[in-house]
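A look at the structure
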Amino acid sequence: LAKTTQPISMDSYEGQEVNITCSHNNIATNDYITWYQQFPSQGPRFIIQGYKTKVTNEVASLFIPADRKSSTLSLPRVSLSDTAVYYCLVGDRGSTLGRLYFGRGTQLTVWP
Amino acid sequence: GAVVSQHPSRVICKSGTSVKIECRSLDFQATTMFWYRQFPKQSLMLMATSNEGSKATYEQGVEKDKFLINHASLTLSTLTVTSAHPEDSSFYICSARRDRGRVNTEAFFGQGTRLTVV
């Protein structure tokens, strides 16, 4: 399974754009990149998933370069409620097992 | 979006007793569910994969006789912590993937269960 590396923590202010980069140098051909958000004492919540180039939904964008060895989660105009831990995961979406292994994640703190 | 519900959300038990935690997929079928444990300030650790109609698959280092998993239906998996001890106190989280053939969708997580063993 591909190992991921993320910054342990990041700080931002309300209204700013936040970009969290994840390194996954050993990503396999069948692997997808998925980001989850977790608030204290809650289960993780799916944010976005992608395979290559750019994916955008109503809450975030995911940028994946051509070599797929890294990815960047972009959160536009963050608010205080975006303070959470963000996890980058890499896995084989085609696998019938579908296990997810979490790394340390990035603690994002948004200040007023 | 899909909903995965855990019950109870909090439980306190005495050392030596057993505790059962339920995980339900409310609006979709899930042949496979997953159980995680999370200690304070740490990441989620996958404990086991729960398979409907068959034995669970445990990760290395997880005691299968201590953490009993039953997946009796396509919408319910249970985790029983047997003979609980204070070191078993943790946040337990389940997740499920919607069954769609060989292509997995995103995983949906329950809200977690805070277990405190006194």
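As the structure is a prediction and not an experimental result, all values here were calculated from the model.

Thresholds, definitions, all that
Residues numbered from 1 in each chain as written. Chains lettered and ligands numbered in written order. Predicted model: local features only at pLDDT ≥ 70, side-chain atom pairs only at ≥ 80, totals over all residues. Heavy atoms only, no water. Helix = DSSP H or I, 4+ residues; strand = E, 2+ residues; numbered from the N terminus. Rg over C-alpha atoms; globule rule 2.2 N^0.38 Å. Buried < 20%, exposed > 50% of the residue type's maximum accessible area, 1.4 Å probe, protein only. Contact = heavy atoms within 4.5 Å. Areas by Shrake-Rupley, 256 points an atom, 1.4 Å probe, with all protein chains shown as cover. Lys, Arg positive; Asp, Glu negative; His and termini not counted. Charge placed at Lys NZ, Arg CZ, Asp CG, Glu CD. 1 Å grid on protein atoms, 1.4 Å probe; cavity = no way out; pocket = protein on both sides within 12 Å on 5 of 7 lines; lining within 4 Å. Points joined across faces, edges and corners; volume = space filled by probe spheres on them. Nonpolar A, V, L, I, M, F, W, Y, C, P; charged D, E, K, R; others polar. Salt bridge = Lys/Arg side-chain N within 4 Å of Asp/Glu carboxyl O. Polar contact = N/O pair within 3.5 Å; in protein donor to acceptor, adjacent residues only side chain to side chain. Pairing = 2+ DSSP bridges. Axes fitted to C-alpha atoms, helices over the stretch in contact; angles between N-to-C directions.

1. Re the overall build of chain A
Secondary structure summary: chain A contains zero helices and nine strands in total. Ordered by position from N to C terminus, the α and β elements of chain A give β-β-β-β-β-β-β-β-β. Against the 2.2 N^0.38 benchmark of 13 Å for 112 residues, chain A shows a C-alpha radius of gyration of 13 Å, consistent with a compact globule. Dimensions of chain A along its principal axes, counting C-alpha atoms only, are 40 × 30 × 25 Å. By residue count, 44% of the 112 residues in chain A fall in the buried class. A fraction of 57% describes how many contacts in chain A between residues 6 or more apart in sequence connect residues 24 or more apart. Accessible area for chain A stands at about 5,800 Å²; split by element, carbon and sulfur atoms hold 50% of it. Distance between charge centres in chain A, computed from 10 positive and 8 negative side chains, equals 8 Å.

2. Focus: the side chain of Thr-78 of chain B
Residues and elements named next belong to chain B. Turning to its location among the elements, Thr-78 is positioned in strand β8 (residues 76-81). Looking at Thr-78, the relative accessible area reads 9%, which means it is buried. Beyond its immediate sequence surroundings of up to four residues, Thr-78 is in contact with Lys-20, Ile-21, Glu-22, Trp-35, Leu-68, Ile-69 and Asn-70.

3. Topic: the pairing of strand β9 (residues 90-97) of chain B
Burial analysis of β9 of chain B places eight of its eight residues in the buried class, which makes it a mostly covered element. Of the two faces of β9 of chain B, the one lined by Ser-90, Tyr-92, Cys-94 and Ala-96 of chain B and the one lined by Phe-91, Ile-93, Ser-95 and Arg-97 of chain B are each fully buried.

4. Here's the deal with the layout of surface pockets
Residue and element names in this part refer to chain A. Size it by volume and the largest pocket reaches roughly 600 Å³. Secondary-structure elements contributing two or more residues to the lining of the largest pocket are β8 (84-92) and β9 (106-111). Looking at the lining of the largest pocket element by element, the count peaks at three residues for β8. When grouped by side-chain class, the residues that make up the lining of the largest pocket number nine nonpolar, nine polar and three charged.

5. Concerning the pattern of salt bridges
All names here are of chain B. Within the structure shown, the criterion is met by two salt bridges over all chains. Ionic pairing is found between Arg-24 and Glu-22, a salt bridge with its closest N-O pair at 3.5 Å. We classify Arg-24 as partly exposed; its relative accessible area is 35%.

6. So, the side chain of Ser-74 of chain A
Residue and element names in this part refer to chain A. With respect to the element layout, Ser-74 can be found in strand β7 (residues 70-75). Of note is the side chain of Ser-74, whose polar atom sits 2.9 Å from the side chain of Asn-19. In contact with Ser-74, other than residues within four places in its own chain, are Glu-17, Val-18, Asn-19, Ala-60, Ser-61 and Phe-63.

7. A look at the sheet that holds β8 of chain B
Residue and element names in this part refer to chain B. With respect to topology, four strands assemble into an open sheet ordered β1-β3-β8-β7, the strand pairing being antiparallel. On the outer flanks of this sheet lie β1 (4-7) and β7 (67-73), each paired with one strand and no other. Sheet twist, expressed as the mean angle between neighbouring strand axes with direction ignored, is 15°. Sheet topology places strand β3 (residues 19-25) next to β8; six bridges connect them, and they run antiparallel. Pairing of Lys-20 across the sheet is with Thr-80, part of β8.

Nothing here speaks to function; it is all geometry.
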